[in-house]
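Chains, contacts and geometry: an overview
So the chains spell out like this:
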Amino acid sequence: MKRPTIAVTRNGLPGVGIQRLADVAEINVWPDNVGPTAEQLSEFLAGAHGLLSMSQDVIGEELLDQLPDLVAVGQASAGYNNLDLGALQQRGIQASNCPGVLMETTADFTWALILAASRRIIEADTAVRSGEWVNVQFDYLLGQDIYGATLGVIGYGQIGKAVARRAAGFGMNVVHASRSTESDEISTRVTLEELLTVSDVVSIHTALTSETRHLITDETLALMKPTAVLVNASRGPVVDETALYKALERRQIFAAGLDVFEIEPIGPDNPLTTLPNAVLAPHLASGSLATRSRMVDMAATNLRAAIEGAAMPNTLTPNVTPRTIS
Ligand code: DGY
């Protein structure tokens, strides 16, 4: 019997996931660790039965119409706003993501951004390397205290909760804004407006949906304290980047730590790169070797199930009946 084909949109993925797929399928790996463009994707995926995708690969109707053989998409990320789930379901294609494996690593990195932005770590490092540091000046590079401050978490899912748990070590008061998750022993649920008004650190962990696109705008930024720090490790379009640039530039808020952007990647010509009070990272929050390996492994487990005619364990398309590959 002909073996199925699985396309993988990045080269050099860590862990044993790809090898586990190679035991049951022909693997067609994109030759670069920077993935295909939207135009390259349809040609690359022609004839594939399975796709191991990343959150940057846009899988929509137009592409799917060119892929009659596709039965499953196993995405190696928790977020899946790049997948048109309606279009996948309509075509009987299963899809999965990888929940539960990256929240601790992402929460660690979120705290790196919170601390770097609040305590001006990048500016401090630059000052030392450039020889600008001359003595211990009492008024030099002063930051904001984290200990005893209030943390506001927008989106209280697995990652938001992991970020909130860590706040105990800093003696913080924690509040969260969420449509679905009530107060618990760690955090008190408040409205978004109250969260923005009372928080010293605002950390965004909501999924990108039509409701959360541009949740942070000129108006919502105006509610924040002038000493507040905003961190986004969810999806860039949750924040209106132009509004944030203006708020940082005129010091309406103290600083921001950003791992995600409205259009990725950003280059050195992005205005945010001119701001000393913006700490910028290249969508790296889940980026530890162990976690990225687990993400690939989980996508592989889901794809193996699908090509064997079973339901994907982490399905996003529960109404799709698994198909066998002919
Ligand atoms: C995720 O898992 O959603 C991360 O942002 C990586 O894309």
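Within the protein one finds 11 helices and 12 strands. Taken over C-alpha atoms, the radius of gyration comes to 22 Å for the protein, in line with the 20 Å a tight globule of 326 residues would show. The principal-axis extent of the C-alpha atoms belonging to the protein is close to 75 × 45 × 35 Å. Within the protein, contacts between residues at least 6 apart in sequence are counted, and of these 61% link residues at least 24 apart. Counting every atom, the protein has about 15,500 Å² of accessible surface; 53% of that belongs to carbon and sulfur. Positive and negative side-chain charges in the protein, numbering 23 and 36 respectively, have mean positions lying 5 Å apart.

Picture a little ball the size of a water molecule; that probe, rolled over the atoms, points out where space is still empty. According to the stated counting rule, one finds 2 cavities of 30 Å³ or more in the structure shown. Roughly 80 Å³ of volume is contained in the largest cavity. As for the largest cavity, its lining consists of 13 residues, of which Ala 117, Arg 120, Glu 123, Pro 276 and Asn 277 are closest to the centre. A class-by-class count of the residues in the lining of the largest cavity yields 9 nonpolar, 1 polar and 3 charged. Counted as a void, the second largest cavity has a volume near 40 Å³. Looking at the second largest cavity, the residues that line it are Asn 232, Gly 236, Val 239, Glu 241, Leu 244, Leu 258, Val 260, Phe 261 and Glu 262.

Take the sheet that holds strand β4 (residues 72-75) next. As summarised here, the arrangement of the 5 strands in space is β2-β1-β3-β4-β5, forming an open sheet in which the pairing is parallel. Single-partner strands in this sheet number two, and they are β2 (26-29) and β5 (94-96). For this sheet, the mean angle separating the axes of adjacent strands, direction not counted, is 15 degrees. Relative to β4, strand β3 (residues 50-53) runs parallel, the two being bridged by 4 bridges. Note on β4: the bridge partner recorded for Ser 53 is Gln 75. The sheet contacts of helix α2 (residues 38-45) involve β1 (5-8), β2 and β3, and relative to β1 the element is tilted by about 160 degrees.

Turning our attention to the site of the ligand. With respect to spatial proximity, the complete set of residues near the ligand consists of Ser 55, Ser 77, Ala 78, Gly 79, Leu 102, Arg 235, His 283 and Met 295. Within the side chain of Ser 55, one N or O atom sits 2.7 Å away from an oxygen atom of the ligand. A distance of 2.7 Å is found between an oxygen atom of the ligand and a side-chain nitrogen or oxygen belonging to Arg 235. Protein coverage of the free-state accessible area of the ligand, which is 230 Å², stands at 86%. The class makeup of the residues in the shell around the ligand is 3 nonpolar, 4 polar and 1 charged.

Its domain assignment divides the protein into domain 1 (5-101 + 289-307) and domain 2 (103-280). Taking only C-alpha atoms, the centre of domain 1 and the centre of domain 2 are 31 Å apart. Counting residues at the interface gives 9 residues for domain 1, matched by 6 residues for domain 2. Buried area between domain 1 and domain 2, summed over both chains or domains, comes out near 520 Å², and the portion from carbon and sulfur atoms is 43%. Broken down residue by residue, the surface that domain 1 buries against domain 2 is led by Asn 81, Gly 100 and Thr 291, which jointly contribute 62%. Classifying every residue of the side of domain 1 that touches domain 2 gives 2 nonpolar, 7 polar and no charged.

Reading the values: the criteria
Residues numbered from 1 in each chain as written. Predicted model: local features only at pLDDT ≥ 70, side-chain atom pairs only at ≥ 80, totals over all residues. Heavy atoms only, no water. Helix = DSSP H or I, 4+ residues; strand = E, 2+ residues; numbered from the N terminus. Rg over C-alpha atoms; globule rule 2.2 N^0.38 Å. Contact = heavy atoms within 4.5 Å. Areas by Shrake-Rupley, 256 points an atom, 1.4 Å probe, with all protein chains shown as cover. Lys, Arg positive; Asp, Glu negative; His and termini not counted. Charge placed at Lys NZ, Arg CZ, Asp CG, Glu CD. 1 Å grid on protein atoms, 1.4 Å probe; cavity = no way out; pocket = protein on both sides within 12 Å on 5 of 7 lines; lining within 4 Å. Points joined across faces, edges and corners; volume = space filled by probe spheres on them. Nonpolar A, V, L, I, M, F, W, Y, C, P; charged D, E, K, R; others polar. Pairing = 2+ DSSP bridges. Axes fitted to C-alpha atoms, helices over the stretch in contact; angles between N-to-C directions. Near = heavy atom within 4 Å. Polar contact = N/O pair within 3.5 Å; in protein donor to acceptor, adjacent residues only side chain to side chain. Domains from an automatic or database assignment. Buried area = accessible area lost by both parts, 1.4 Å probe.

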